Amino acid sequence: MGALELSAQIQAGKIGAVETVAKYIRIAKNSRLNTFLAIPEERVLARAKEVQDKIDAGITLSPLAGVPVAVKDNISTEGTETTCASRMLEGYVPVFNATVIDKLEQAGMVVIGKVNMDEFAMGGSSETGYFGAVRNPWDATRVAGGSSGGSAAAVAAMEAPMALGSDTGGSIRQPCAFCGVTGIKPTYGSVSRYGLIAYASSMDQIGVIGTDINDCAALLEIISGPDTRDSTCVTDAPFAFGKENAAKIKIGLPRNYFNDSIDPEIIRAIFMAVKVFEDAGAVVEEFQMPLVDYIVPAYYALSSAEASSNLARFDGLKYGHRATEAKSLSDVYTLSRSQGFGMEVKRRIILGSFVLSSGYYDAYYRKALEIRGMIKEAYNQLFARYDVILAPVAPTTAYKLGENITDPMKMYMADVYTASVNLAGLPAVALPCGFDAQGLPIGMQLIGDAFSEPLLVAAARKYQACTDYHTRKPGVPNL
Ligand code: GLN
């Protein structure tokens, strides 16, 4: 059952909020995918009871009232450990909620637990976390994608009907593609980042994951909207998705994305999706995406620069891991950070400090900023011609655990189709659009101009009304 339908049944009194939440807790606790890092059972059940009491009292909460949500572990939850899957934050319990959590609770949703991810959201496979890798529900010997791998895997494996993730360079879309679920990376500035533990602040954005676009749209309506505690959250009002018509849209297809560095089965699936849109009345035209070779270098220069600055706060003093054996102040910094951060995080901090250093700032950081501006301008021109850009999410389907983790360049290159969207601050929807010969899900993305979520949602609805990929579920994982 989808999340909207589940809530409708709860609100109609056909099923109880507490029993629903208890059932999901049981499933989540028995997970063999390493999805959940924390399930504060007593609190969760107490919350569900509060929601049930409100429903019984006839209070209308939202179309998702009573629905359990899994939350990526870089989103602060008051009273519940929030670790970013890092030893650095092991045991850290926030004293406040992220704005999105307050909004979920006001809407009567129930946070059932915190889910696994790449450490500090740095990675594309959910293998870099301190608490071990997330496994793919379709094949447990494979990665779930990342960095919101726990969020996508939990939804795909029906351990939670919905999840929150975050997307800095592709981290909602890519795990959605690998796990066969639907997700929205919203326009930068449409969802508050207050309480999201920062990776690269100019690109980070919280987004939603569900089994279909209707559930995702409903959840995005709840979490979006202005927030006085985040000055980059520039939207005037939450999204309100109506009945936009996506039949006659003009779709751009980046011809040069389809070369020999992408799996031919993905190309085939994307072209089948093109056909679905054309049959539904859309006009599809190919174009040459400019600057493709510069996307990944610019993204990694900028995201690492911002990360090196953001992660300076973890110094062993204020909060986070502290090396107790340290004998001097400089030992506290060095040992705490050496022990607290994993390999990938250290690599980014070093790269980021390097591109920001006085001798190299102009050559790397400033140049990357210029490229970012050019990419944004290129998208502006594209959206003068097209309503939506249809593109692959990743060059491959889910690969084997351990296969790419020792090859950072290979891992980074896999962000080529997603990261430009974050550099330009744009919204994108990821949707399942097929399966490869091994039965692994294939995803596509619909990219729109800033704040064009209503059109993206309408286009995604149109696609899902004509296809059933989003309804397919994995069997029991082969462990
Ligand atoms: N794979 C990208 C990275 O490692 C994206 C991560 C993200 O979106 N959080 O930076």
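Residues numbered from 1 in each chain as written. Predicted model: local features only at pLDDT ≥ 70, side-chain atom pairs only at ≥ 80, totals over all residues. Heavy atoms only, no water.

**Q** Just checking my understanding: could you explain the side chain of Asp-263 for this structure?
**A** Position of Asp-263 among the secondary structure elements: in the loop between strand S9 (250-254) and helix H8 (264-279). Look at Asp-263: it is buried, it has no salt bridge, and the nearest opposite charge is Arg-268 at 6.8 Å. There is a polar contact of 2.9 Å between the side chain of Asp-263 and the backbone nitrogen of Glu-265. Each residue touching Asp-263, except ones within four places of it in the same chain, is listed here: Pro-395, Thr-396 and Thr-397. (Helix = DSSP H or I, 4+ residues; strand = E, 2+ residues; numbered from the N terminus. Buried < 20%, exposed > 50% of the residue type's maximum accessible area, 1.4 Å probe, protein only. Lys, Arg positive; Asp, Glu negative; His and termini not counted. Salt bridge = Lys/Arg side-chain N within 4 Å of Asp/Glu carboxyl O. Polar contact = N/O pair within 3.5 Å; in protein donor to acceptor, adjacent residues only side chain to side chain. Contact = heavy atoms within 4.5 Å.)

**Q** Sorry, what's going on with the site of the ligand here?
**A** Neighbouring the ligand are 15 residues; Thr-168, Gly-169, Ser-171, Tyr-199 and Tyr-299 lie closest to it. The separation between a nitrogen atom of the ligand and a polar main-chain atom of Ala-121 is 2.9 Å. Interatomic distance of 2.8 Å between a side-chain N/O atom of Arg-348 and an oxygen atom of the ligand. Its free accessible area being 290 Å², the ligand has 99% of it covered by the protein chains. Considered class by class, the residues forming the shell around the ligand number five nonpolar, seven polar and three charged. (Near = heavy atom within 4 Å. Areas by Shrake-Rupley, 256 points an atom, 1.4 Å probe, with all protein chains shown as cover. Nonpolar A, V, L, I, M, F, W, Y, C, P; charged D, E, K, R; others polar.)

**Q** Even after reading the chapter, I still don't get the nonpolar core, so can you show me in this structure?
**A** Nonpolar side chains tend to gather and get buried jointly when the protein is soluble and globular. If you look at the biggest cluster of nonpolar residues, it comprises 153 residues, and the most contacted ones within it are Leu-104, Phe-120, Leu-164, Ile-223 and Tyr-379. Ranked by residues supplied to this core, first place goes to helix H9 (residues 292-310) with 10 residues. (Core = buried A, V, L, I, M, F, W, Y, C linked by side-chain atoms within 4.5 Å.)

**Q** Sorry, what's going on with the packing of H9 against helix H12 (residues 361-385) here?
**A** Close contact between H9 and H12 brings their axes to 9 Å; oriented N to C, the two are set at 125 degrees. It follows from the interaxial angle that H9 and H12 lie oblique. In this structure, H9 crosses over H12, and the sense of that crossing is left-handed. Facing Tyr-294, Ile-295, Ala-298, Ala-301, Leu-302, Ala-305 and Glu-306 of H9, the residues of H12 in contact are Tyr-365, Ala-368, Leu-369, Ile-371, Arg-372 and Ile-375. (Axes fitted to C-alpha atoms, helices over the stretch in contact; angles between N-to-C directions. Parallel < 35°, antiparallel > 145°, perpendicular 65-115°, else oblique. Left-handed = near helix turned anticlockwise from the far one by under 90°.)

**Q** Before we go on, may I ask you to explain the packing of helix H2 (residues 17-29) against helix H3 (residues 41-56) in this structure?
**A** A pair of packed helices can be characterised by two numbers: the angle between their axes and the separation between those axes. Packing of H2 against H3 brings their axes to within 8 Å, and their N-to-C directions diverge by 155 degrees. With respect to their mutual orientation, H2 and H3 come out roughly antiparallel. Viewed along their axes, H2 and H3 form a crossing whose handedness is right-handed. Where H2 abuts H3, its residues Ala-17, Val-18, Val-21, Ala-22, Ile-25 and Lys-29 lie against Glu-41, Val-44, Leu-45, Ala-48, Lys-49 and Gln-52. Of the residues contributing to the contact of H2 with H3, the split by class is eight nonpolar, one polar and three charged.

**Q** Which parts of the structure should I look at to understand the pairing of S9?
**A** In regular strands, side chains alternate between the two faces of the sheet. Counting buried positions along S9 gives four out of five residues, so the element sits mostly inside the fold. As paired elements, S9 and strand S10 (residues 283-287) share five bridges and run parallel to each other. Paired with Gly-252 across the strands is Glu-285, a residue of S10. Note on the crossover from S9 through H8 to S10: the handedness is right-handed. As defined by bridge partners, S9 adjoins strand S11 (residues 388-392) across two bridges and the pair is classed as parallel. Among the inter-strand pairings, Gly-252 is bridged to a residue of S11, identified as Ile-389. (Pairing = 2+ DSSP bridges. Right-handed = clockwise from strand over helix to strand, strands pointing away.)

**Q** Mind showing me how you'd approach the pattern of salt bridges here?
**A** Side-chain pairs of opposite charge can arise where the charged atoms are in close proximity. Under the counting rule described, the total for this entry stands at 17 salt bridges. Glu-105 is the partner of Arg-47 in a salt bridge, and the nearest nitrogen-oxygen pair spans 3.9 Å. Of this pair, Arg-47 sits in helix H3 while Glu-105 sits in helix H4 (residues 99-106), and the two are 58 residues apart along the sequence. Its relative accessible area of 15% is what places Arg-47 among the buried residues. Judged by relative accessible area, Glu-105 falls into the partly exposed class, the value being 26%. With a shortest N-O distance of 3.1 Å, Asp-53 and Lys-49 are connected by a salt bridge. Here Asp-53 pairs with Lys-49, and both are found in helix H3, just four residues apart, close to one helical turn. A residue is classified by how much of its surface remains accessible, and Lys-49, at 44% relative accessible area, is partly exposed. Linked through salt bridges whose partners overlap, the residues forming this network are Arg-47, Glu-50 and Glu-105.

**Q** I tried to follow the packing of aromatic side chains on my own but got confused; where do I start?
**A** Each aromatic ring pair is specified by the distance between its two centres and by the angle formed by the two planes. Tallied over the full model, the rule gives 22 aromatic pairs. For the pair Tyr-299 and Tyr-300, a centre-to-centre distance of 4.8 Å together with 85 degrees between the ring planes defines the contact as edge-to-face. Here Tyr-299 matches Tyr-300 in class, with each residue buried. Judged by centre distance (6.1 Å) and plane angle (35 degrees), the ring pair of Tyr-360 and Tyr-364 falls under tilted. On the basis of relative accessibility, which here comes to 39%, the residue Tyr-364 falls in the partly exposed class. (Phe/Tyr/Trp six-rings, centres within 6.5 Å; stacked < 30°, edge-to-face > 60°.)

**Q** Sorry if this is basic, but what is going on with the sheet that holds strand S1 (residues 36-38) here?
**A** Taken together, the 11 strands give an open sheet; going across it, the order is S1-S3-S2-S6-S8-S7-S12-S13-S11-S9-S10, and neighbouring strands pair in mixed fashion. At either end of the open sheet lies a strand with only one pairing partner, and these are S1 and S10. Neighbour to neighbour, the strand axes of the sheet diverge by 30 degrees on average, direction disregarded. Relative to strand S13 (residues 441-448), S11 is paired through five bridges, and the arrangement is antiparallel. Among the inter-strand pairings, Val-388 is bridged to a residue of S13, identified as Gly-448.

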